[in-house]
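Here's the letter readout for the chains.
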Amino acid sequence: MKETFARYGIKLSDDKIEKLKYFGEIIKEYNCKINLTSVVDDREVLIKHFLDSAIGEKFFPIGANCCEVGSGGGFPSLPLKIVREDLRFTLIEATGKKCEYLKYAVKELSLDNVLVVCGRAEELGKDKNYREKFDAVTARAVAKMNVLCEYCAPFIKVNGKFIAYKGEAAEELKEAENAVKTLGLTIESVNCFDLPDGMGKRNIIVMEKIKNTPAAYPRGNGKERKKPL
Ligand code: SAM
């Protein structure tokens, strides 16, 4: 594991390796109870979930207060937190059973400063306790870029970052041009990585929030998905 991560510039101490291994066991245990992931082979979990999540660590500012939208199994947030102990995380997840699993994983892994919030991004994004409160917001496999921007932008502070994990990026970014502008974002960089053993390509899109998101967004009532900006 150490060598695989080191090839991507990520240093793992023995303690962090133990945590990732234990996280793998927790996922297996819980996957029998609820559908967390179709990836079950140990090497695939290591690469497609752990390495894939950790690969974006360098884009998160030191000590950042981060939010993840649509955590599911805890990707990319929990591997990021294991690799970068300085980050704080609020995990937003709509499904109650997944929230229970996330709370269990956070406790078992003794992760400090990780809060699990059960709810929908389009509702919490209007809540003053969460709106424009985060230095960085991230998400993987939740929605297309134009929808995702409306879910995530409301949580980001002005000058904060949006770090989106995507497979294909070019077409989604083109479709999201209007959403990016309307919500106060600007694209900073698109970073492409090849996962080892031909396990796919990952694009990490980094945006900066350059002005406040207008109060009308997120629109709610499913409009984000039904009528993307
Ligand atoms: N991010 C994880 C990953 O990459 O493995 C989970 C991806 S899973 C396909 C999408 C997750 O996002 C689900 O757990 C779903 O419940 C959650 N989700 C989808 N829309 C959401 C919303 N509007 N607010 C909060 N959670 C949402």
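Before reading further, recall that the structure is shown in the block above.
Because the structure is predicted, anything quoted here is derived from the model rather than measured.

**Some thoughts on the nonpolar core**
Next up, step 1: Formed by 48 residues in total, the largest nonpolar core has its most connected members in Phe5, Phe23, Phe50, Phe60, Leu78, Tyr101 and Ile204.
Next up, step 2: Looking at this core, the elements with two or more residues in it are helix H2 (14-31), helix H3 (42-54), helix H4 (77-83), strand S2 (88-93), helix H5 (96-108), strand S3 (114-118), strand S5 (156-166) and strand S7 (201-209).
Next up, step 3: Phe134, Ala164, Ala179 and Tyr217 belong to the second-largest nonpolar core, a separate cluster that totals 33 residues.

**Considerations on the site of the ligand**
Next up, step 1: In the vicinity of the ligand lie 17 residues, with Gly70, Phe75, Glu93, Glu122 and Arg140 positioned nearest.
Next up, step 2: In the model, an oxygen atom of the ligand is placed 3.2 Å from a nitrogen or oxygen of the Thr95 side chain.
Next up, step 3: Contact between the ligand and Arg120: a nitrogen atom at 3.1 Å from a side-chain N or O atom of the residue.
Next up, step 4: Protein coverage of the free-state accessible area of the ligand, which is 600 Å², stands at 82%.
Next up, step 5: Structurally, the ligand is housed in the largest pocket.
Next up, step 6: A breakdown of the residues in the shell around the ligand according to their chemical character gives six nonpolar, five polar and six charged.

**Topic: the pattern of salt bridges**
Next up, step 1: Applying the stated criterion across every chain, the model contains 16 salt bridges.
Next up, step 2: In this structure, Lys2 and Asp14 form a salt bridge, with 3.2 Å as the shortest nitrogen-oxygen distance. Remark: Asp14 occurs in helix H2 and Lys2 occurs in helix H1 (residues 2-6); sequence separation between them is 12 residues.
Next up, step 3: Two residues, Arg120 and Glu122, come together in a salt bridge whose shortest N-O distance is 3.0 Å.
Next up, step 4: We classify Glu122 as buried; its relative accessible area is 10%.

**Overview of the layout of surface pockets**
Next up, step 1: By volume, the largest pocket is sized at about 450 Å³.
Next up, step 2: Forming the boundary of the largest pocket are 28 residues, of which Gly70, Gly72, Arg140, Ala141 and Val142 lie nearest the centre.
Next up, step 3: Elements with a minimum of two residues in the lining of the largest pocket: H3, S2, helix H6 (121-124) and S5.
Next up, step 4: Considering every element that reaches the lining of the largest pocket, the biggest residue donor is H3, with three residues.
Next up, step 5: Considered class by class, the residues forming the lining of the largest pocket number 10 nonpolar, eight polar and 10 charged.
Next up, step 6: What lines the second largest pocket is simply Met1, Leu20, Lys21, Gly24, Glu25, Lys28, Asp42, Val45, Leu46 and Phe50.
Next up, step 7: Of all the elements in the fold, those that place two or more residues in the lining of the second largest pocket are H2 and H3.
Next up, step 8: Here the lining of the second largest pocket takes five residues from H2, the largest share from any one element.
Next up, step 9: Residue classes in the lining of the second largest pocket are distributed as five nonpolar, one polar and four charged.

Cut-offs used in this document
Residues numbered from 1 in each chain as written. Predicted model: local features only at pLDDT ≥ 70, side-chain atom pairs only at ≥ 80, totals over all residues. Heavy atoms only, no water. Core = buried A, V, L, I, M, F, W, Y, C linked by side-chain atoms within 4.5 Å. Buried < 20%, exposed > 50% of the residue type's maximum accessible area, 1.4 Å probe, protein only. Helix = DSSP H or I, 4+ residues; strand = E, 2+ residues; numbered from the N terminus. Near = heavy atom within 4 Å. Polar contact = N/O pair within 3.5 Å; in protein donor to acceptor, adjacent residues only side chain to side chain. Areas by Shrake-Rupley, 256 points an atom, 1.4 Å probe, with all protein chains shown as cover. 1 Å grid on protein atoms, 1.4 Å probe; cavity = no way out; pocket = protein on both sides within 12 Å on 5 of 7 lines; lining within 4 Å. Sits in = over half its atoms within 2 Å of the grid points. Nonpolar A, V, L, I, M, F, W, Y, C, P; charged D, E, K, R; others polar. Salt bridge = Lys/Arg side-chain N within 4 Å of Asp/Glu carboxyl O. Points joined across faces, edges and corners; volume = space filled by probe spheres on them.

This is a description of form; function is not addressed.
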